[in-house]
Amino acid sequence: MTVKALRTIKYCAIAIIGFVAVSVIFIMFADKDDRPAGVFMRILIAFPSIVIATAAAMFERISQNAVDIKSEDDLAV
């Protein structure tokens, strides 16, 4: 259950990063005066999403290992 929730969080954060990357491509074709502020705002959105995706992936791996170890212990007894 926890592993599935963490996997969903990771995929949502990756989706946000993808949407931000596509929006940066679109803003490159927009008005030159709007580029610095627009790119900076997108970096402010993308950086925390990268941190969240990384943390969720790490916690997902740790939780999955714990579930695997518990299921092995349950079978051994």
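Above this note sits the structure.
Quantities reported herein were computed from a predicted structural model and do not represent experimental measurements.

Enquirer: Would you take a moment to explain the overall build of the chain for this structure?
Expert: When you go through the chain residue by residue, the secondary structure sums to two helices and zero strands. For a compact globule of 77 residues, the expected C-alpha radius of gyration is about 11 Å, and the chain comes in at 19 Å, more than 25% above that figure. In terms of its C-alpha atoms, the chain occupies a principal-axis envelope of roughly 70 × 15 × 10 Å. Looking at the chain as a whole, 18% of its 77 residues qualify as buried. Excluding contacts between residues fewer than 6 apart, the proportion of contacts in the chain whose partners are at least 24 apart in sequence is 74%. When the accessible surface of the chain is split by element, carbon and sulfur atoms take 73% of a total near 6000 Å². For the chain, the centre of its 8 positive side-chain charges and the centre of its 8 negative side-chain charges are spaced 5 Å apart.

Enquirer: Where do I start with the pattern of salt bridges in this structure?
Expert: One side chain can pair with another of opposite charge once the charged atoms of both are near each other. As enumerated under the stated definition, the model contains two salt bridges in all. Of the charged contacts, one joins Glu-60 and Arg-7 as a salt bridge, the two residues approaching to 2.9 Å between their closest N and O atoms. Here Glu-60, found in helix α2 (residues 35-76), pairs with Arg-7, found in helix α1 (residues 2-28); they are 53 residues apart in sequence, far enough to count as distant. A salt bridge links Lys-10 to Glu-60, with the nearest nitrogen and oxygen atoms 3.2 Å apart. Linking Lys-10 in helix α1 with Glu-60 in helix α2, this pair joins segments that are 50 residues apart in sequence.

Reading the values: the criteria
- Residues numbered from 1 in each chain as written.
- Predicted model: local features only at pLDDT ≥ 70, side-chain atom pairs only at ≥ 80, totals over all residues.
- Heavy atoms only, no water.
- Helix = DSSP H or I, 4+ residues; strand = E, 2+ residues; numbered from the N terminus.
- Rg over C-alpha atoms; globule rule 2.2 N^0.38 Å.
- Buried < 20%, exposed > 50% of the residue type's maximum accessible area, 1.4 Å probe, protein only.
- Contact = heavy atoms within 4.5 Å.
- Areas by Shrake-Rupley, 256 points an atom, 1.4 Å probe, with all protein chains shown as cover.
- Lys, Arg positive; Asp, Glu negative; His and termini not counted.
- Charge placed at Lys NZ, Arg CZ, Asp CG, Glu CD.
- Salt bridge = Lys/Arg side-chain N within 4 Å of Asp/Glu carboxyl O.

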